Amino acid sequence: DVKVTQSSRYLVKRTGEKVFLECVQDMDHENMFWYRQDPGLGLRLIYFSYDVKMKEKGDIPEGYSVSREKKERFSLILESASTNQTSMYLCASSSSGASGANVLTFGAGSRLTVL
Amino acid sequence: AQKVTQAQTEISVVEKEDVTLDCVYETRDTTYYLFWYKQPPSGELVFLIRRNSFDEQNEISGRYSWNFQKSTSSFNFTITASQVVDSAVYFCALSEPSLSGSRLTFGEGTQLTVNP
């Protein structure tokens, strides 16, 4: 069964801490994505990567950075966590292609609380 | 810029009722794809359907059906004879071609609760 695995389901951090959210996929997908999900706002794209060491900003990249050193792993980094980054974070992956037809496979999510 | 609107924040029905989830989108492209995803309480979004902008045929899959109308920029989702297991958050999404890889724009989501 193909999977996108997010390392932590629940995290509690303090303001100012550095936070790493890890995502691993086993489908040999080229594209990987980090979304943030908030009530009433749906899913908003933070960053995505279409190849190793490549990254592009999404709609809300401020306060976040990403790392993709290996094809299967895509990390989201909060350099200095703030309370307004309390949210559900969803990782997804898809195969390559510029047509827009690619189906995303999602992980189960990481619920982050920043105190 | 592309946009997806799901005006219904929450819907509550009784089992066996039919329910329609609305989705309206905005895009300047003539080529695009529309999707529906389901997010059960476990949290993992599950793909339900994909439609391209050139295929306006309605689709039926068991109790699920989708109505795509380009004239009104809508892609509505109907569940017939709803069941408790249909309770979830449903997201409509829009994807446009991009040289750097496709990316989805999601709507706000509709929380569907089916009561026994």
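Not measured: the values here are computed from a predicted model.

Thresholds, definitions, all that
- Residues numbered from 1 in each chain as written.
- Chains lettered and ligands numbered in written order.
- Predicted model: local features only at pLDDT ≥ 70, side-chain atom pairs only at ≥ 80, totals over all residues.
- Heavy atoms only, no water.
- Helix = DSSP H or I, 4+ residues; strand = E, 2+ residues; numbered from the N terminus.
- Rg over C-alpha atoms; globule rule 2.2 N^0.38 Å.
- Buried < 20%, exposed > 50% of the residue type's maximum accessible area, 1.4 Å probe, protein only.
- Areas by Shrake-Rupley, 256 points an atom, 1.4 Å probe, with all protein chains shown as cover.
- Lys, Arg positive; Asp, Glu negative; His and termini not counted.
- Charge placed at Lys NZ, Arg CZ, Asp CG, Glu CD.
- Core = buried A, V, L, I, M, F, W, Y, C linked by side-chain atoms within 4.5 Å.
- Contact = heavy atoms within 4.5 Å.
- Salt bridge = Lys/Arg side-chain N within 4 Å of Asp/Glu carboxyl O.
- Pairing = 2+ DSSP bridges.
- Axes fitted to C-alpha atoms, helices over the stretch in contact; angles between N-to-C directions.
- 1 Å grid on protein atoms, 1.4 Å probe; cavity = no way out; pocket = protein on both sides within 12 Å on 5 of 7 lines; lining within 4 Å.
- Points joined across faces, edges and corners; volume = space filled by probe spheres on them.
- Nonpolar A, V, L, I, M, F, W, Y, C, P; charged D, E, K, R; others polar.

Engineer: Explain the overall build of chain A to me, please; I cannot follow it from the model alone.
Structural biologist: Of the regular secondary structure elements, chain A holds zero helices and eleven strands. In chain A, the succession of helices and strands from N to C terminus is β-β-β-β-β-β-β-β-β-β-β. Here chain A has a C-alpha radius of gyration of 13 Å; the compact-globule value for 115 residues is 13 Å, and the two agree. Summarising its shape, the C-alpha atoms of chain A cover approximately 40 × 25 × 25 Å along the three principal directions. Counting only residues that meet the buried cut, chain A has 50% of its 115 residues in that class. With the model as given, the accessible surface of chain A reaches about 5300 Å², and the carbon-plus-sulfur share is 50%. Across chain A, the centroid of the 15 positively charged side chains sits 6 Å from that of the 14 negatively charged ones.

Engineer: How should I be thinking about the nonpolar core in this particular structure?
Structural biologist: Taken as a class, soluble globular proteins show a tendency for nonpolar side chains to be buried jointly. All names here are of chain B. Ranked by size, the top nonpolar core spans 23 residues in total, and within it Trp36, Phe75, Phe77, Tyr90 and Leu112 carry the most contacts. Every element with two or more residues in this core is listed here: β2 (10-14), β3 (19-21), β5 (33-39), β8 (64-69), β9 (74-79), β10 (88-96) and β12 (110-115). Sort the elements by how many residues they give to this core and β10 lands first, with four residues. Beyond its immediate sequence surroundings of up to four residues, Tyr90 is in contact with Gln6, Leu21, Trp36, Tyr37, Lys38, Leu48, Tyr64, Phe77, Ile79, Gly109, Thr110 and Leu112.

Engineer: Explain the interface of chain A and chain B to me, please; I cannot follow it from the model alone.
Structural biologist: By a widely used convention, the size of an interface equals the accessible area lost when the partners come together. Taken together, the contact pairs 28 residues of chain A with 24 residues of chain B. The interface formed by chain A and chain B contains zero salt bridges. Only β4 (31-38), β5 (42-49) and β6 (56-57) of chain A provide two or more residues apiece to the side of chain A that touches chain B.

Engineer: Looking at this model, I keep getting lost on the sheet that holds strand β7 (residues 65-70) of chain A. Mind explaining?
Structural biologist: The pairing of strands in a sheet comes from backbone hydrogen bonds and takes either a parallel or an antiparallel form. Residues and elements named next belong to chain A. Across the sheet, four strands lie side by side as β1-β3-β8-β7; this open sheet has antiparallel pairing. Edge positions in the sheet fall to β1 (4-6) and β7, since each has one partner strand and no second. Across the sheet, the mean angle from the axis of one strand to that of its neighbour is 20°, orientation sign disregarded. Relative to strand β3 (residues 19-25), β1 is paired through three bridges, and the arrangement is antiparallel. Pairing of Gln6 across the sheet is with Cys23, part of β3.

Engineer: I tried to follow the pattern of salt bridges on my own but got confused; where do I start?
Structural biologist: Where charged atoms from two side chains of opposite charge come close, those side chains can pair. Residues and elements named next belong to chain A. Applying the stated criterion to the full structure yields ten salt bridges over all chains. Note that Asp38 is salt-bridged to Arg36, the shortest N-O span being 2.8 Å. The same class applies to Asp38 as to Arg36, namely buried. When salt bridges that share partners are traced, they join Asp28, Glu30 and Lys71 into one network.

Engineer: I would appreciate a short explanation of the layout of surface pockets in the present structure.
Structural biologist: Where empty space is left in the structure can be found by rolling a water-sized probe over the atoms. As a volume, the largest pocket reaches approximately 520 Å³. If you go around the largest pocket, you meet 27 residues; those closest to its centre are Gln37 and Pro39 of chain A together with Gln39, Val89 and Gln111 of chain B. Elements with a minimum of two residues in the lining of the largest pocket: β4 and β9 (87-94) of chain A together with β10 of chain B. When residues of the lining of the largest pocket are assigned to their parent elements, the largest contribution, three residues, is made by β10 of chain B. Of the residues assigned to the lining of the largest pocket, the class counts are eight nonpolar, 14 polar and five charged.

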